[in-house]
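# Observations on the model geometry
What follows is each chain in one-letter form.
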2 protein chains.
Amino acid sequence: MLVVPKLVPKISNMFQVAGLILSFGLILSTSLNHQPLQSAVGFSILGYIVSNYLIPRAAPVFIRKGLSGKDLSKVGNPVLAEAIGVIPAITYLFLMFLFIPFLFFKFLITETSGGGSRDSGHTVLEDVGSLFPHNKLASYLSSILCLESVILLGLMDDLFDLRWRHKFLIPAVGAIPLLIVYYIDFGVTWILVPKFVRQLTGWEQTSIDLGWLYYGYMGALIIFCPNSVNILAGVNGLEVGQTVVLGVLVLLNDLCYLVSPDSPAFETHLYSACMLIPFLGVALSLLKWNWFPAKVFVGDTFCYFSGMVFAVVGISSHFSKTLLLFFSMQIVNFVYSSPQLFGLVFCPRHRLPKFNSEDGKLYPSRANFKEKPLKKWVAAAMLLLERFKLVQLTKKDGIIEESSNLTIINLFLVWFGPMREDQLCSALLFTQFAVGLVCLVLRHTLASLLFGYDNLFLKFVS
Amino acid sequence: MLVVPKLVPKISNMFQVAGLILSFGLILSTSLNHQPLQSAVGFSILGYIVSNYLIPRAAPVFIRKGLSGKDLSKVGNPVLAEAIGVIPAITYLFLMFLFIPFLFFKFLITETSGGGSRDSGHTVLEDVGSLFPHNKLASYLSSILCLESVILLGLMDDLFDLRWRHKFLIPAVGAIPLLIVYYIDFGVTWILVPKFVRQLTGWEQTSIDLGWLYYGYMGALIIFCPNSVNILAGVNGLEVGQTVVLGVLVLLNDLCYLVSPDSPAFETHLYSACMLIPFLGVALSLLKWNWFPAKVFVGDTFCYFSGMVFAVVGISSHFSKTLLLFFSMQIVNFVYSSPQLFGLVFCPRHRLPKFNSEDGKLYPSRANFKEKPLKKWVAAAMLLLERFKLVQLTKKDGIIEESSNLTIINLFLVWFGPMREDQLCSALLFTQFAVGLVCLVLRHTLASLLFGYDNLFLKFVS
């Protein structure tokens, strides 16, 4: 029998109304003090409320239309709506549209004679046109365009199960406007050379120009971020949870710059914060519904979308290399998964942990090599991994018969033993946050040692 | 038994290869002579080829996923893929992304020292940044964003059957970036007052400022165009055909300006042509597959998308009022339909013409008023319409029992008698083109008489 959990609970209307009033207040107050961050918080609250309102109402429609899947890690395998992440993603997009006038508010009303009345006539409008930071608007629009493309792609994927090579390439096409705006407005393709490299090689240059290679690097980032979020998945709450942790980490980094308004990186980090704060609002609402025991599934769309949010912010706010530090967990998971992703080790269709209905805990899932035995050197490498406790193997007569699947999720279960789903998710998210925090501190301490320079403090240490 | 027509015919590879070479040649030649129109033609050919390649391959996937419908105007009611229009629409979007560097080519390579080598270093890039027409890029990006939003909306509609009020509002939200860019860069909310109005009222002003009302008008245009294309539908080839005719008409209008490079409206009409030429490419490929006997259905997505293409072009190229002239057919159909749309006259679920399998012709479909009789004054109005042969009524004892459905499609069948589906579609498209052509001529002749001024010839006649 299909078990469809009841979705629309009694809503705490009071909280909703209070939240709405607060959000509108924050958004509109921007017209008084020209602080886009305030609007961002307002839009974040609004995003949470709208998305939280829409998700339980959209879920039954999605199920009716065949967008549903069974939750294999629960007793009775309840049927949940799939691809629900498209709701918060589209909510975010439309909020970002509405955000535009508030983000650029001070430029839109610069030329009034006061008294609340807008001066009439052409001249004022011409002034607005010439003073307006078109390059920032173009950057903002290209960012949203990029996000919208990836939602469209994700939706096509959720609907039609696109092939791997299509998924792989289309984010890069969607990112063309972003890269062109980067080329036009910033165009910095230089990277700093670490001090020790300079000392070792005897170079005198403090930076080298990667030229077109740098665009290749950004393209790779755009392909990597969405896909890396998408493969760290399969546990209730993990898909969204990791993006919330990422969002908080990047925001903390932004705050380092925002506390000093004189920093040359102030504007770009303000931009980053304005993109991320509303994102956190919609992501948290999705997390609420996707947290153990999940009422809805997130779907590929949200994974692509959220990964792209970070790629876009990293590129347009010019901290893509710092961003990669925060993606450590995803990078480790990708590297660790790569033997299975690239076919060196047999990869079963699903690599989710195995649910044991007796104790309600998750156990590491396994890949069986009976039909497709490992090559000799791969087997040797797997044995080496086993020695460092990086994989759990089952051997018979010296031949590897089974191995735990190569995901960081299974690795946690190998290390810490079987866990309940929410414990596993919390452990993963906590680790991600801790690692990210360490990276953040290292970024602003070690970086100045390595490069002789940190853009946060704006002084050359060397 | 379900009859699924065979979809992938033997492809004339030679033509494809020749077309691809031609399109790449045209696109790349832009780097030599900086003519974006050439690239536009190249992208148009490329769009035709790509979309024509994808449509027959996507159709079976769409049918498998439940996106299909029966063609009721054919013997045996074959099952066709629905919503296929999303393929050419997305193709168009991605082509427009790729178009960006070619559209702005002369700005991107302005500062080279010649010899094919791009000067290295920061200074050149800074020059590019300052010379680049960011406002045009912002306008272009907001246009594409608007189109992408409407595709996303259309897709949600094709999938989840959104409610009427949602469909109605969301295009307006998607258009926010476009309207903001209009506000910033152009901001003209003045309209010319026709000469006779001035003479009648004794006003001395030649123009009045509509202010915020003008933004309301543009919002209405953005809601009207997509929806008006969507309700002139139901005959094989008509949905796409009407947009092809519209595209040709607007292009003809653009050509009037493009022949004189000194015209102040040259740039905006160049922009319009650059948007529409690639659109015609993808639309023609869809028309090929949707023409009688249709192999695929277009779906709401394409109707919304194509209507929005025109709204966007009209607004960002500043000829939205001229655009409405070309939409005469759609406006007439909307006005004629409105008694049924707004519930004054009973509206059956489908208003398609009725297919007679014996002679293979279409007959006007009818609304039956037995259950919901007409109000007195509505009945009187219907009788008046009948007198002008604008409706076909069936009466019994002086009471109207049935009426032909109020669409221009049924009206054509009332006027000219039963027709085969392709004849009906051709008649409608031909009429649309003829009416549009007359409007085009009137626009550039009568306008100068009415307003004492035509921006084409740039002289005040009065």
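In the Sequence similarities (unreviewed entry) part of its UniProt record, chain A is described as follows: "Belongs to the glycosyltransferase 4 family." Reading the Subcellular location (unreviewed entry) entry of the UniProt record for chain A gives the comment "Endoplasmic reticulum membrane".

For the rest of this paragraph, the subject is the overall build of chain A. The helix and strand tally for chain A stands at 18 helices and 11 strands. Counting the 462 residues in chain A, one finds 53% classified as buried. At a minimum sequence separation of 6, the contacts of chain A that also span at least 24 residues come to 71%.

With that settled, consider the sheet that holds strand β7 (residues 366-368) of chain B. Residue and element names in this part refer to chain B. Pairing is antiparallel across the open sheet formed by three strands, whose spatial order is β7-β9-β8. Across the chains shown, the open sheet's two edge strands, defined by having one partner strand only, are β7 and β8 (393-396). Geometrically, the sheet is characterised by an average inter-axis angle of 25° between neighbouring strands, direction not taken into account. Here β7 pairs with strand β9 (residues 399-404) via three bridges, running antiparallel. Bridged to Asn-368 within β9 is Glu-402.

Here the focus is the relation of the copies chain B and chain A. Each of the two copies of the chain can be brought onto the other by a rotation about an axis and a shift along it. Of the transformation superimposing chain B on chain A, the axial component is 0.0 Å and the angular component is 180°, with the fit at an RMSD of 0.0 Å. When the rotation and shift are considered jointly, the pair of chain copies conforms to a two-fold rotation axis. No C-alpha of chain B lies nearer the rotation axis than that of Ala-138 of chain B, which sits 2.3 Å from it. Most of the interface of chain B is mirrored in chain A, where 100% of its interface residues are also at the interface.

A word on the side chain of Glu-148 of chain B. Mapped onto the fold, Glu-148 of chain B is located in helix α6 (residues 134-160). Once residues lying within four places of it in the same chain are set aside, the contact partners of Glu-148 of chain B are Leu-145, Glu-148, Ser-149 and Leu-152 of chain A together with Leu-93 and Phe-97 of chain B.

Before going further, it helps to spend a moment on helix α13 (residues 299-316) of chain A. The end-to-end C-alpha distance of α13 of chain A, which contains 18 residues, comes to 26 Å, matching closely the 26 Å that a straight helix rising 1.5 Å per residue would cover. The buried fraction of α13 of chain A is high, at 17 of 18 residues.

Once that is clear, we can look at the sheet that holds strand β8 (residues 393-396) of chain A. Residues and elements named next belong to chain A. Strand order in the open sheet made by the three strands is β7-β9-β8, with antiparallel pairing throughout. Two strands close off the open sheet at either side, each with one partner strand: β7 (366-368) and β8. Averaged over all pairs of adjacent strands, the angle between their axes in this sheet comes to 25°, without regard to strand direction. Pairing of β8 with strand β9 (residues 399-404) involves four bridges; the strand directions are antiparallel. Paired with Leu-393 across the two strands is Ser-403, which belongs to β9. On top of the sheet, helix α16 (residues 376-387) reaches β8 and β9; it is set at about 125° to β8, its chief contact.

Our focus in this paragraph is the confidence of the model for chain A. All names here are of chain A. Looking at chain A, the pLDDT average stands at 84 and 88% of residues meet or exceed 70. Element-level mean pLDDT values for chain A span from 40 in strand β11 (residues 459-460) up to 95 in helix α11 (residues 238-258). With pLDDT under 50 throughout, residues 458-462 is counted as low confidence; its partners more than four residues away or in other chains account for 10 contacts. Scored as a complex, the prediction yields pTM 0.85 and ipTM 0.81.

Okay, unusual backbone geometry next. Pro-293 of chain A follows Phe-292 of chain A through a cis peptide bond whose omega is -10°. Topologically, Pro-293 of chain A is positioned in the loop between α12 (266-290) and α13. In this structure, Ala-83 of chain A takes a positive phi of about 60° despite not being glycine. Note that Ala-83 of chain A resides in the loop between β2 (79-81) and α3 (86-103). Its identity is not glycine, yet Asn-77 of chain B carries a phi of approximately 45°, on the positive side. Considering the arrangement of structural elements, one finds Asn-77 of chain B in the loop between β1 (68-70) and β2 (79-81). On the basis of relative accessibility, which here comes to 27%, the residue Asn-77 of chain B falls in the partly exposed class.

By the definition in use, this model includes 44 aromatic pairs over all chains. For the pair Phe-334 of chain A and Phe-342 of chain A, a centre-to-centre distance of 6.3 Å together with 90° between the ring planes defines the contact as edge-to-face. For Phe-342 of chain A, a relative accessible area of 61% puts it in the exposed group. Pairing Phe-310 of chain B with Phe-327 of chain B gives two aromatic rings, centres 6.1 Å apart and planes at 75°, and the pair type is edge-to-face.

All names here are of chain A. A cluster of nonpolar side chains, namely Val-248, Leu-252, Leu-255 and Leu-437, defines an oily patch on the protein surface of about 270 Å² accessible area. With three residues, the single largest contributor to the nonpolar patch is α11. Note that Leu-255 resides in helix α11.

Looking now at the interface of chain B and chain A. The interface is formed by 50 residues belonging to chain B together with 50 residues belonging to chain A. Summing both partners gives a buried area of about 4,500 Å² for chain B against chain A, and 80% of it is carried by carbon and sulfur. The tally of links from chain B across to chain A stands at zero salt bridges. Across the contact surface, chain B and chain A share two residue pairs in polar contact (both at pLDDT 80 or more). Of all the secondary structure elements, the ones that give two or more residues to the side of chain B that touches chain A are α2 (36-64), α3 (86-103), α5 (122-131), α6, α7 (164-174) and α8 (176-185) of chain B.

Criteria and thresholds
Residues numbered from 1 in each chain as written. Chains lettered and ligands numbered in written order. Predicted model: local features only at pLDDT ≥ 70, side-chain atom pairs only at ≥ 80, totals over all residues. Heavy atoms only, no water. UniProt positions renumbered as here; feature names shortened; annotations may be inferred. Helix = DSSP H or I, 4+ residues; strand = E, 2+ residues; numbered from the N terminus. Buried < 20%, exposed > 50% of the residue type's maximum accessible area, 1.4 Å probe, protein only. Contact = heavy atoms within 4.5 Å. Pairing = 2+ DSSP bridges. Axes fitted to C-alpha atoms, helices over the stretch in contact; angles between N-to-C directions. Least-squares fit on C-alpha atoms with pLDDT ≥ 70 in both. Expected span 1.5 Å × (residues − 1). pLDDT = per-residue confidence, 0-100. Phe/Tyr/Trp six-rings, centres within 6.5 Å; stacked < 30°, edge-to-face > 60°. Patch = residues over 30% accessible without salt bridge, like charges linked within 9 Å, V, L, I, M, F, W, Y side chains within 5 Å. Areas by Shrake-Rupley, 256 points an atom, 1.4 Å probe, with all protein chains shown as cover. Salt bridge = Lys/Arg side-chain N within 4 Å of Asp/Glu carboxyl O. Buried area = accessible area lost by both parts, 1.4 Å probe. Polar contact = N/O pair within 3.5 Å; in protein donor to acceptor, adjacent residues only side chain to side chain.

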